[in-house]
Amino acid sequence: MVGSTLALAYYGYLYAEDVSRRMEATFRQTAWAEATTLIEAVETQVDTAAKDVLDKIALPDTGRESEACELNSGPPVDGYVVVRFNARAKLEIICARGRVAREEWRDSYLRTLDFSSILPGRFRFVHQRLDRQEVLLAFMRKQTDGGKGYFVVARLADRWVRDVIEAEVKPLSGSRRVTVLDQRRRSIAGASLPEPAPRREERFQVERSFGKILYAWDLQLAPRDVETLRAQAQRQSKLGPILVTLSALIIGVGLVIVWLGVLAERRASRLKSDFIANVSHELKTPLSLIRMFGEMVATGRHKGPDAVKEYGGIITRESERLSHLIDNVLDFARLERGKASYHFEEGDLSELLERAVDLCRYRLDKEKLRLETYNEPDLPPVRMDENALTLVILNLVDNAIKYAADAGVVHVGIKRTPGGVLLWVRDFGPGIPLDERERIFDRFYRARNARDRNIRGSGIGLSLVKHIAEAHGGRVTVEIPRGADRPGVGTFFGVHLPASAVERTALLTAPPADVPS
């Protein structure tokens, strides 16, 4: 599924790119053909005009060499000059005409020409920047009737050349943006184009040298809406990979969520299976004891009144244990269905603690544990559900008995806190690892200590404690008491409950009492 989705997104992106590239290729082919046509038209006019001028200038054999410069200069040339090599192979100017002075010809223009490379009757062009201006020179090698060689050099008028270019560019201006750039990349004809884009984005612009005559200039062609096309191409080049990556990321996140959901469901199923097995074991043990000792009393298979009393105590203890387990399971079932209900009344938490502790006396005596209580006097009343808080105390004390069976003592107490009271239970068992202190309140979860030591339990007691505390507007915490560097320091569970509305204001400034360390 992932592979097919990614392939679909990727090939969809490639298809869009291919269509775009085909359109760009069509534009470039058309624009290149138009540029070629324009350049050929301009070169033809310049070539024809230069040849006409150069053909008309001739050096006679009559000795009146000045007659060679009788032709008036003007469009298409700014001036011309007739030169030849003397007996010492030095170039000398025979005559000059037009706006270009002899010194300028001698010191600047003629130095750039390679007269030896041209054949008689042929002419060439030189296009370059001289003396801070663009110069187009045409020079021709000629012979007199007597066979004497000479050269004619003409400088074509810059304004005339530009007018020729503008005339050829004008028909294209309706569908294209055309510009001619000089050597400094300045626009000298046509409409100015936007700043050249980076090479990877020059897909909507054709640029080429302006032919063999005006080779120092460049011609650019682009669509009329080139800015819009460039912006769209840039967005597409950025947005396409982002969309593919984003779709892959969304699919990946979805798969991770599904996988985590599957893992969570499998874990929940495993925990539920463990819960059913644990509860079945927890139910089976007291029921087996109750049945066994009940049958012994009923059949008279005992050693006397003392044995009957002992059997009755065992039956009572296991019945209380069974009742507590059933209460836990029923409350948890109501909690899972969202039908848990509480009946709140103001009451004395100290009295509730004494009654709850009395229910644990028999088991404490059986495990040979000492229970020490620390109740602060004059505690404020608490709005509570007595049955629910009794279940909280029984669960916390039951956990302390399970894990602190070898420590000999369990501490239970109530103290003032700002805005309420704290019900706390402390054992001196092996403690809870830091990485498990949050998870122990999850349903069905049992700490490693319980699993490693094979301690019986259902994994719902602390989950019920947390839910009941929050239903009372409080919270439950687990901490390592002071002296955590000592072995057997145990665990401190605290249930923070708010006082009734009447007492809460006075308690906000009351300092909390110390808990026995």
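Calculation rules
Residues numbered from 1 in each chain as written. Predicted model: local features only at pLDDT ≥ 70, side-chain atom pairs only at ≥ 80, totals over all residues. Heavy atoms only, no water. Helix = DSSP H or I, 4+ residues; strand = E, 2+ residues; numbered from the N terminus. Buried < 20%, exposed > 50% of the residue type's maximum accessible area, 1.4 Å probe, protein only. Contact = heavy atoms within 4.5 Å. Areas by Shrake-Rupley, 256 points an atom, 1.4 Å probe, with all protein chains shown as cover. Core = buried A, V, L, I, M, F, W, Y, C linked by side-chain atoms within 4.5 Å. Pairing = 2+ DSSP bridges. Axes fitted to C-alpha atoms, helices over the stretch in contact; angles between N-to-C directions. Salt bridge = Lys/Arg side-chain N within 4 Å of Asp/Glu carboxyl O. Phe/Tyr/Trp six-rings, centres within 6.5 Å; stacked < 30°, edge-to-face > 60°. Lys NZ or Arg CZ within 6 Å of the ring centre and 35° of its normal. Patch = residues over 30% accessible without salt bridge, like charges linked within 9 Å, V, L, I, M, F, W, Y side chains within 5 Å. Expected span 1.5 Å × (residues − 1). Polar contact = N/O pair within 3.5 Å; in protein donor to acceptor, adjacent residues only side chain to side chain.

**With respect to the overall build of the protein chain**
Check the secondary structure of the protein chain and you find ten helices and 16 strands. The 517 residues of the protein chain split such that 42% are buried. Excluding contacts between residues fewer than 6 apart, the proportion of contacts in the protein chain whose partners are at least 24 apart in sequence is 67%. Within the structure as shown, the protein chain displays about 28,600 Å² of accessible surface, and the carbon and sulfur contribution to it stands at 53%.

**Points about the nonpolar core**
Ranked by internal contacts, the top residues of the largest apolar core, which has 45 residues, are Val82, Ile165, Phe210, Leu214, Trp217 and Leu219. With ten residues, the top contributor of residues to this core is helix H1 (residues 2-56). Discounting chain neighbours no more than four positions away, the residues touching leucine 214 are Val42, His127, Leu136, Val161 and Ile165. Counting residues in each nonpolar core, the second largest holds 42 residues, with Val382, Leu389, Val397 and Ile468 among its members.

**Thoughts on the sheet that holds strand S15 (residues 475-479)**
One open sheet holds the five strands; their spatial order is S11-S13-S14-S16-S15, and the pairing between them is mixed. What marks the edges here is a single partner per strand, and that holds for strand S11 (370-375) and S15. Between one strand and the next, the sheet's axes are offset by a mean angle of 15 degrees, whatever the strand orientation. Alignment of S15 against strand S16 (residues 491-498), held across five bridges, turns out to be antiparallel. Directly across from arginine 475, in S16, lies its bridge partner histidine 496. Along the sheet, helix H7 (residues 386-403) contacts strand S13 (409-417), strand S14 (420-427) and S16; its crossing angle with S14, the most-contacted strand, is approximately 25 degrees. Helix-sheet contacts for helix H9 (residues 461-471) involve S15 and S16, and the interaxial angle to S15 is about 135 degrees.

**Quick word on the pattern of salt bridges**
This model, assessed by the stated rule, comprises 16 salt bridges. Its salt-bridge partner being lysine 51, residue aspartate 55 comes within 2.8 Å of it at the nearest N-O pair. Within this pair, aspartate 55 and its partner lysine 51 are both found in helix H1, separated by four residues, close to a single helical turn. As a salt-bridge pair, glutamate 386 and arginine 355 come within 3.3 Å of each other at their nearest N and O atoms.

**What to know about the pairing of strand S9 (residues 214-223)**
The buried fraction of S9 is high, at nine of ten residues. Sheet topology places strand S6 (residues 176-181) next to S9; six bridges connect them, and they run antiparallel. Along S9, the bridge assignment pairs valine 180 with leucine 219. Relative to S9, strand S8 (residues 206-210) is paired through five bridges, and the arrangement is antiparallel. Bridged to phenylalanine 210 within S9 is leucine 214. The loop that links S8 with its antiparallel partner S9 comprises three residues; one of these, glycine 211, has a positive phi angle of about 80 degrees.

**Thoughts on the sheet that holds S6**
Taken in spatial order, the four strands line up as S7-S6-S9-S8 in an open sheet, and their pairing is antiparallel. Only two strands of the sheet have a single partner each, and these edge strands are strand S7 (187-190) and S8. On average, each strand axis in the sheet is inclined to that of its neighbour by 25 degrees, with strand direction left out of account. Of the pairings in the sheet, the one linking S6 to S7 comprises three bridges and is antiparallel in character. Bridge pairing links threonine 179 to glycine 190 in S7. Contacts from helix H3 (residues 158-169) reach S6, S7, S8 and S9, with the element oriented near 45 degrees to S7.

**Here's the deal with the packing of aromatic side chains**
Taken as a whole and assessed by the stated rule, the structure comprises eight aromatic pairs. Taking the centre distance of 6.1 Å and the plane angle of 85 degrees together, the rings of phenylalanine 85 and phenylalanine 115 count as edge-to-face. One end of the pair, phenylalanine 85, is in strand S1 (residues 77-85); the other, phenylalanine 115, is in the loop between helix H2 (102-109) and strand S3 (123-130), with 30 residues separating them in the sequence. Aromatic side chains tyrosine 374 and tryptophan 424 sit 5.9 Å apart centroid to centroid with 25 degrees between the ring planes, which places their arrangement in the stacked category. Of this pair, tyrosine 374 sits in strand S11 while tryptophan 424 sits in strand S14, and the two are 50 residues apart along the sequence. A relative accessible area of 29% means that tyrosine 374 is categorised as partly exposed. Three or more aromatic residues joined by ring pairs make a cluster, and in this case those are Phe85, Phe115, Phe139 and Phe151. Positioned over the ring face of tryptophan 32 is arginine 208, at 4.8 Å from the centre of the ring.

**A closer look at a nonpolar patch on the surface**
A cluster of nonpolar side chains, contributed by Leu239, Ile242, Leu243, Leu246, Leu249, Ile250, Val253 and Ile257, occupies part of the molecular surface with about 760 Å² of accessible area. Among the secondary structure elements, leucine 239 is positioned in helix H4 (residues 226-299). Owing to a relative accessible area of 45%, leucine 239 belongs among the partly exposed residues under this scheme.

**Quick look at H7**
One turn of an α-helix holds 3.6 residues; hence residues three or four places apart share an orientation. For H7, with 18 residues, the first-to-last C-alpha span of 26 Å sits near the 26 Å given by 1.5 Å per residue. With 15 of its 18 residues buried, H7 lies for the most part within the structure. Capping the start of H7 is the job of one residue whose side-chain oxygen sits 3.1 Å from the backbone nitrogen of asparagine 387: aspartate 385.

By themselves these figures say nothing about function.
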